[in-house]
Every structure is written in C-alpha cells, then in structure tokens.
Amino acid sequence: MQENAKLLIDQDLAHIWHPCTQMKDHEVIPLIPIRRGEGAYLFDFDDNSYIDAVSSWWVNLFGHCNPYINQKIKEQVDTLEHVIFAGFTHEPIIKLSKRLCEITPPGLSKCFYADNGSSAIEVALKMSFQYHKNRGEKRPFFVSLENSYHGETIGALSVGDVKLYKEVFEGILIQTLQTPVPENQTEEAAEVAAKALETLLNERGYEISALIIEPLVQCAGGMHMYHPLYISLARSLCDKHGIHLIADEIAVGFGRTGTMFACEQAGVSPDFMALSKGLTGGYLPLSVVLTTNEIYDAFYCDYHELKSFLHSHSYTGNPLACCAANAALDIFENEHIIEKNREKIAFIKVQLERFKALACVKEVRQTGMIAAVELHQKDTQRRVNLEIFQYALSKGVLLRPLGNVVYFMPPYILTCKEIEMMMDAAYEAIVSLKDF
Ligand SMILES: Cc1ncc(COP(=O)(O)O)c(C=O)c1O
C-alpha cells in the first residue's frame, strides 16, 4: 500500500467515526482510501479498481464523475451555490419540481424538499399527521410493514422494523404499528398480507394517520421482494379508512425496479412519495416529498390559523443538488435509460441462474435492476457478509452483503460484460466460503 494511503488511514482513524460501522473492526479490516472514481469503478491509491456493485449505498445511477453531470454542476457553481429557501426560490428547483410532478404517478403535484432520505420520511410522517389534525382529527399512529427500513432519525427509525438498527433505541422511539409484509413475490402472499392489514385497519383505522411502505422491495431488510398487487390492495384499504399511503421510494425510485417508480407497477398513486438517493444521480444530498393538492390545501390558510407546515432544513433545495438532479433526469430522457435497462435486467436474470444450483443458496430474487442471492444462515455468529465482501474486493468488485443476503444494485452504465464480472466475483466468493 502506498505511503500516502497509509497516512490517510491513520489520519482518518484519528478523527473520524464512520457510519454504520463498528470502528474496532478497522483494527483488522483495512479502511480503503479511494483516490478517484470513473464510471462504474472506484480506484484506490495503488490504482486497484473496484466495480461499485452497490452504487455507493444505492445512490449512483450513471457512474462516478459522469462527464455530463460534472459539467452541469460546474456551470451551476459559478452561478448560484445556495440560497435560503424560505421566501426565495431559484431556477434549478423550479425546473426540477415541474419535471418530478410530470414523471411521478398522477395526482402528485407539490414538492417539499429536504436533504436526505430519513428527513424526507420525517416530512411525510409529520405532514400526514398534521393534515389530519388541521381537519380536526387526532390520528397518532403510523403503520408500517414488518421488516421495513425507512432511515435512522427517530421518526424514520420508529416506523422501521429492522431489529439491528432499532432495538437499542426502543425506549425513545414513537409508538408505531407493524403489519405483515407479503412473504414472497406471489399474488397469494400479497393477498394474505393485505388480509392482515384489513384486520388491523378495521380495528384501529380511525387512529392511524398513514401506512408507509417500501414499494416492491424492502432493501435494507435483506432485499425482500413482493408482488405489486399488495400495493394496490393496500391503496384501497387506506382509501376505505381515510388513511394516507406513503410510498418510500428512496431506494427503489429512479428505475431500480425496472420502471421509473415502483408504484407504477401497481398503477397506484400514493398520497406521499419520498425520493432521495438516485435523485441527484448519486452526486449530492437531496430529498423530496411529493404530495397532492388536496393535502397541500389542508395547510393553506391565513397565517394566524396555525395550520402551516413549519418544518425546514438549512440546506433545503440546494441549487447544486437540484442542478445534479436535473442533469440525472436529462440522462434518463436523452439516453432512454428505462428502455435500455430492460436488456440488462434480462441479462442479470440469466446470470442469476447459476446461483440456484449452489447448496448453500436459499433463494434467488430479482426485481428489475435489483438482484439478491440469499444464503442459508447456519451459524448466526459467523460474519459471512464480511467474508464475501473481502473476497469480492480482492477480485475487484465492491459487494456489501446484508447479513446472509448477497445483492447487486449496480449503476445503470454497467455493461453486460461488467455485470458478468460482478456476478463471477459473487459466485466465487460464495463458493469459496469454507464449511458453509
Ligand atoms: C427505503 C429507504 N428509506 C429511507 C432511507 C434513509 O435514507 P438516508 O440514508 O438518506 O437517510 C433509506 C436508506 O437506505 C432507504 O433505503
């Protein structure tokens, strides 16, 4: 390893606490300083390259240092880097908002911005609660699906259901209700889960503000996938009880499930749609909650009526981030990405076949550009994910399994050859597991 890389590691560990990391691990697992990125590849200081098979936490859509997005940001930075977003506005955000309202499901016509996924969830939850309050109803509960993940801030964590992140904070979270997620991708499983939701809503619907779901794929919950039918059944049940449907498309939005937005596959318009991650092509922090005019109108009144939505973040609607988002949407449009991805989706399907023959593989799943290989977990103490991460890295592929689920969520610029390389590394990594 180069001297300057070693120095960077020392300086990093002296001053930085990394996210979602047991820092002691870095006594034995080296931190990897990345010198540059290009396309689907990250390069370290020894010029080793790694295919970013997880799109750097699912954000990157069109590669690192994408020349088009780079150029657009360079132009914007010399024009306006940031401006307070209360009482002021700017062109990039107006253009972006119009475009988002046009491409998201019908009925979503107002955009409220924040700067990360978890904050967008807080916005959607608070807006839903206050909407009911503004109309004179008290509905203090939210329902979410078992095994769901919506972020790490207190509200977002409260509606999540991944024990690993939630358990420690149990005493300080808001009380929420969970309902079963469909067990698998079949229509039957969707119907069974919808029945359970129906029972819950029949009992407690009157005190529930919103149902929040990750449409089609629960990503952090081990890439658990389910049928679009559940979304349409849930929509009908919510309508029946006057409950909002919040679609958290932070991870699955922008083409990940094969369509621009996952809700499209169910033909459903939610009351709130939360977007982030791919929104800026993976460049800058930005999130948005889209909602309906009907919800917007419930807050629209004379100031003294105290019905305003008084929520803000300092970096709301940052022009550089909006500019990156507009550039990402340009690429979607100009390069017909959704259509082009169809070939890649089919190729991934073929590539996944070989995993099914491995005895240690429990299930292989795919929804669009998201693929997962779940392994049987015999020894829960064994950190199989770490073993696979390290093996794949030695083969030039950045995989980051979630427990015993090896998954692929690559940038869309990956060629079929690179998809094959990514799958080869994962396959070899799984086969190399000793006594597994
Ligand atoms: C579905 C979903 N919602 C919310 C979040 C939280 O987003 P952020 O990490 O930007 O706070 C994530 C992050 O992985 C996510 O996958």
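Residues numbered from 1 in each chain as written. Predicted model: local features only at pLDDT ≥ 70, side-chain atom pairs only at ≥ 80, totals over all residues.

Bringing the overall build of the chain into the picture now. What the chain contains, in helices and strands, is 14 helices and 16 strands. Oriented by its inertia axes, the alpha-carbon framework of the chain measures out at about 65 × 55 × 45 Å. Out of the 436 residues belonging to the chain, those deemed buried represent 44%. Restricting to contacts in the chain with at least 6 residues of sequence separation, those with at least 24 account for 74%. (Helix = DSSP H or I, 4+ residues; strand = E, 2+ residues; numbered from the N terminus. Buried ≥ 20, exposed ≤ 12 C-beta atoms within 10 Å, placed from the backbone. Contact = placed C-beta atoms within 7 Å.)

What follows covers the site of the ligand. Near the ligand lie 14 residues; those nearest to it are G117, S118, G151, I250 and A251. Of the residues forming the shell around the ligand, the biggest block, three residues, is contributed by helix α5 (residues 117-134). Residues belonging to the shell around the ligand are distributed by class as follows: six nonpolar, six polar and two charged. (Near = placed C-beta within 6 Å. Nonpolar A, V, L, I, M, F, W, Y, C, P; charged D, E, K, R; others polar.)

With mixed pairing, the seven strands of this open sheet are ordered in space as β4-β12-β11-β10-β7-β5-β6. Strand pairing shows two members of the sheet lacking a second neighbour, β4 (110-114) and β6 (177-179), which therefore form its edges. When strand polarity is set aside, the average angle formed by the axes of neighbouring strands in this sheet is 20°. One ladder, built from three bridges, connects strand β10 (residues 244-248) with strand β11 (residues 272-275); its direction is parallel. Its bridge partner being in β11, I246 is matched across the sheet by F272. Strand contacts of helix α8 (residues 187-204): β5 (141-145), β6 and β7 (208-213), with the helix running at about 150° to β6, the strand carrying the most contacts. (Pairing = 2+ DSSP bridges. Axes fitted to C-alpha atoms, helices over the stretch in contact; angles between N-to-C directions.)

Turning our eyes to something else, we now look at the pairing of β5. The side chains of a regular strand alternate between both faces of the sheet. Taking burial as the measure, the five residues of β5 include four buried ones, the bulk of the element. Looking at chain direction, β5 and β7 are connected through four bridges and run parallel. If you follow F141 over to β7, its bridge partner there is I208. Sheet topology note: the β5/β6 ladder contains three bridges and is parallel. Looking across to β6, one finds that V143 is bridged to L177.

For any two helices packed against each other, the geometry is given by the interaxial angle and the distance between the axes. Where helix α4 (residues 91-103) contacts helix α11 (residues 319-334), the two axes come as close as 8 Å, and the packing angle between them is 40°. Here α4 lies oblique to α11, going by the angle between them. When the axes of α4 and α11 are compared, the crossing they make is left-handed. Here P92, I93, K95, L96 and R99 of α4 come into contact with α11, specifically with P319, C322, C323, A325, N326 and L329. In terms of residue class, the contact of α4 with α11 is built from eight nonpolar, one polar and two charged. (Parallel < 35°, antiparallel > 145°, perpendicular 65-115°, else oblique. Left-handed = near helix turned anticlockwise from the far one by under 90°.)

Segmentation of the chain into domains returns domain 1 (32-65 + 337-431) and domain 2 (70-334). Put simply, the middle of domain 1 and the middle of domain 2, counted by C-alpha atoms, are 27 Å apart. Of the residues lining the interface, 25 residues belong to domain 1; the matching set on domain 2 comes to 23 residues. Elements with a contribution of two residues or more to the side of domain 1 that touches domain 2: α2 (55-58), α12 (337-352), β13 (361-367), β14 (370-375) and β16 (405-408). With four residues, the top contributor of residues to the side of domain 1 that touches domain 2 is α12. Looking at the side of domain 1 that touches domain 2 residue by residue, the classes come out as 16 nonpolar, seven polar and two charged. (Domains from an automatic or database assignment.)

Overall, mixed pairing links the four strands, which are arranged β1-β2-β3-β15 in an open sheet. Every interior strand has two partners, whereas the edge strands, β1 (34-38) and β15 (397-398), have only one.

Attention now goes to the environment of I348. Residue placement: I348 occurs in helix α12. Residues I348 and E420, 72 residues apart in the sequence, show an inter-C-alpha distance of 8.2 Å. Ignoring sequence-local partners within four residues, the contact set of I348 consists of Q366, A371 and I419.

Time to look at the packing of α8 against helix α9 (residues 229-241). Between α8 and α9, the least distance of the axes is 9 Å, while the angle of their chain directions is 15°. In terms of their interaxial angle, α8 and α9 are classed as roughly parallel. In the crossing of α8 with α9, the sense of the turn from one axis to the other is right-handed. On α9, the residues that touch E187, A190, A193, A194, L197, E198 and L201 of α8 are L229, Y230, L233, A234, L237 and H241. Residues of the contact of α8 with α9, tallied by class, amount to 10 nonpolar, one polar and two charged.

A word on the pairing of strand β2 (residues 41-44). Where β1 lies against β2, four bridges are found, and the strand directions are antiparallel. Looking at the pairing, I34 lines up with D44 of β2. A loop of two residues connects β1 with β2, the two strands running antiparallel in sequence, and G39 in this loop sits at a positive phi of about 60°. Strand direction decides the pairing type here: β2 and strand β3 (residues 49-52), joined by three bridges, are antiparallel. The partner of Y41 across the bridge, within β3, is I51. Remark: four residues form the turn of the hairpin made by β2 and β3, two consecutive strands paired antiparallel; D47 in that turn has positive phi of roughly 65°.

Considering the arrangement of structural elements, one finds G403 in the loop between β15 and β16. Residue G403 is classed as partly exposed on the basis of its C-beta count, with 15 C-beta atoms lying within 10 Å. Along the chain, G403 and L375 lie 28 residues apart, while their C-alpha atoms are 9.1 Å from each other. In contact with G403, other than residues within four places in its own chain, are G222 and N385.

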